[in-house]
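Descriptive structure summary
Chain residues, written in single-letter form:
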Amino acid sequence: MLCIEAKDLHKRYGKVVALEGLSFGVECGEKVALIGPNGAGKSTTLRILVGLISPDQGYAKIAGYDPDSIMARKVLGYLPEDASPYPVLTVRENLEYIAALRGVEDVKERVEEMLDLLELREVERRRVMTLSRGQRQKVAIALALIHRPKVLLLDEPLNYLDIPTQEKVISYLNSLKDATTLVATHIMSIAVRLTSRVLIVSHGKLIWTGTVQELRYMGKEDEPIESVVARMMRGSG
């Protein structure tokens, strides 16, 4: 069963073509990377999948539901690029508010768990507007995960994080065995650490899909996987 489906997605912003017939599916429980250069259409794809914008043509489904439906929103966790938690609320207030809004039954316990996981204890009483960019990213990750979503859409999830926090987030995401995850990134090393299958997009189109291992086999001896991806992107231009 597909938990994420995109079919013939087209999207323009004026004269700029963001997506041009993009189609793919992600099986339930699968962890997949959406790889592409800046401007390839990755963020636009995620915004369509989460129901924030509508495609000009084509459709998207989350667990079989329309992205803007109540049922889809119940199972979705979304981390946008450059996420902005509520700035005038404290870290704890952000977590408690979103947990309650999302219908989390064990709000107190879950908030405590997220504070510990992302090492936010020292700033839990501070307003988000006073935090560093890395601290705000940690809060945003906690908000995306707090309701234990079955489908995760993550746009550059490791942005602004220091190395120890990156390792904690990678370990936690990899522990979510039943969650369906789509990670949008332009950094191949992140895809390798978080996913097992790759969708490569360029100019709003899908140019290749396969496993990380298959991608490695396409390279020459000792060729970095990033070089393989770069060659494919140049060839699609």
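These remarks concern the structure in this document. Nothing here was measured: the structure is a model prediction, and the numbers come from that model.

What follows is about the overall build of the chain. Looking only at helices and strands, the chain features 9 helices and 9 strands. Here the C-alpha atoms of the chain give a radius of gyration of 18 Å, agreeing with the 18 Å that 2.2 N^0.38 yields for 237 residues. With the C-alpha coordinates of the chain rotated into their principal frame, the extents come out at 50 × 40 × 35 Å. Relative to its 237 residues, the chain shows a buried fraction of 50%. The contacts of the chain with a sequence gap of at least 6 include a subset with a gap of at least 24, amounting to 67%.

Taken together, the side chains of Tyr-86, Tyr-97 and Leu-101 define a hydrophobic patch exposed on the protein surface, amounting to about 320 Å² of accessible area. Mapped onto the fold, Tyr-97 is located in helix α3 (residues 91–101).

Turning to the state of the cysteines, a few remarks are in order. Evaluation of the coordinates by the stated rule reveals 1 disulfide. Note that Cys-3 is cross-linked by a disulfide to Cys-28, the S-S spacing being 2.0 Å. Handedness of the Cys-3-Cys-28 disulfide follows from its S-S torsion of about 95°: it is right-handed. You can see Cys-3 sitting in strand β1 (residues 2–13) and its partner Cys-28 sitting in the loop between β2 (16–27) and β3 (31–35), a full 25 residues away along the chain. What makes Cys-3 buried here is its relative accessible area of 10%.

What follows is about the packing of α3 against helix α4 (residues 107–117). At a closest axis distance of 10 Å, the pairing of α3 and α4 adopts a crossing angle of 135°. Judged on the interaxial angle alone, α4 and α3 are oblique. Two packed elements cross with a definite hand, and for α3 against α4 that hand is right-handed. Taken together, the residues of α4 that come into contact with α3 (itself represented by Val-91, Arg-92, Leu-95, Glu-96, Ala-99 and Ala-100) are Val-107, Val-111, Glu-112, Met-114 and Leu-115.

A separate point is the environment of Asp-66. Secondary-structure assignment places Asp-66 in the loop between β4 (57–62) and α2 (70–75). If sequence neighbours within four positions are ignored, Asp-66 has contacts with Ala-60, Lys-61 and Ala-72. Here the side chain of Asp-66 touches Lys-61 through a polar contact of 2.6 Å, side chain to side chain.

This next bit is on the packing of α3 against helix α5 (residues 133–145). With their axes 9 Å apart at the nearest point, α3 and α5 run at an angle of 15° to one another. As summarised for this structure, α3 and α5 are arranged roughly parallel, according to the angle between their axes. For the element pair α3 and α5, the recorded crossing hand is right-handed. Residues Val-91, Asn-94, Leu-95 and Ile-98 of α3 form the contact with α5, whose own contacting residues are Val-139, Ala-142 and Leu-143.

For the rest of this paragraph, the subject is the sheet that holds strand β9 (residues 205–211). Within the open sheet, the 6 strands sit side by side as β5-β6-β7-β3-β8-β9. Their pairing is mixed. Because the sheet does not close on itself, it has two edges, and the strands there are β5 (76–79) and β9. With strand direction ignored, the average angle separating the axes of adjacent strands in the sheet is 15°. Where β3 meets strand β8 (residues 197–202), 4 bridges bridge the pair, whose relative direction is parallel. Bridged to Val-32 within β8 is Arg-197.

Turning to the nonpolar core, a few remarks are in order. Val-91, Leu-95 and Met-114 are the most contacted members of the largest nonpolar core, which totals 35 residues. Where this core is concerned, the elements lending two or more residues are α3, α4, α5, β6 (151–155), α6 (163–175) and α7 (188–194). Sort the elements by how many residues they give to this core and α5 lands first, with 7 residues. Those residues in contact with Leu-95 that lie beyond four places of it in its chain are Val-111, Met-114, Leu-115, Ala-142, Leu-143 and Ile-146. Residues Leu-34, Val-75, Ala-184 and Leu-199 belong to the second largest nonpolar core, which totals 28 residues.

A few words on the sheet that holds β2. To summarise the sheet geometry, strands pair through backbone hydrogen bonds and adopt either a parallel or an antiparallel arrangement. Spatial strand order, β2-β1-β4: 3 strands in an open sheet with antiparallel pairing. Two strands in the sheet have a free side with no partner beyond their single neighbour: β2 and β4. The mean inter-strand angle of the sheet, taken between neighbouring strand axes irrespective of direction, is 20°. Two strands pair when backbone bridges link them, and β1 and β2 are joined in this way by 9 bridges, in the antiparallel orientation.

Cut-off values and rules
Residues numbered from 1 in each chain as written. Predicted model: local features only at pLDDT ≥ 70, side-chain atom pairs only at ≥ 80, totals over all residues. Heavy atoms only, no water. Helix = DSSP H or I, 4+ residues; strand = E, 2+ residues; numbered from the N terminus. Rg over C-alpha atoms; globule rule 2.2 N^0.38 Å. Buried < 20%, exposed > 50% of the residue type's maximum accessible area, 1.4 Å probe, protein only. Contact = heavy atoms within 4.5 Å. Patch = residues over 30% accessible without salt bridge, like charges linked within 9 Å, V, L, I, M, F, W, Y side chains within 5 Å. Areas by Shrake-Rupley, 256 points an atom, 1.4 Å probe, with all protein chains shown as cover. Salt bridge = Lys/Arg side-chain N within 4 Å of Asp/Glu carboxyl O. Disulfide = S-S within 2.5 Å. Axes fitted to C-alpha atoms, helices over the stretch in contact; angles between N-to-C directions. Parallel < 35°, antiparallel > 145°, perpendicular 65-115°, else oblique. Left-handed = near helix turned anticlockwise from the far one by under 90°. Polar contact = N/O pair within 3.5 Å; in protein donor to acceptor, adjacent residues only side chain to side chain. Pairing = 2+ DSSP bridges. Core = buried A, V, L, I, M, F, W, Y, C linked by side-chain atoms within 4.5 Å.

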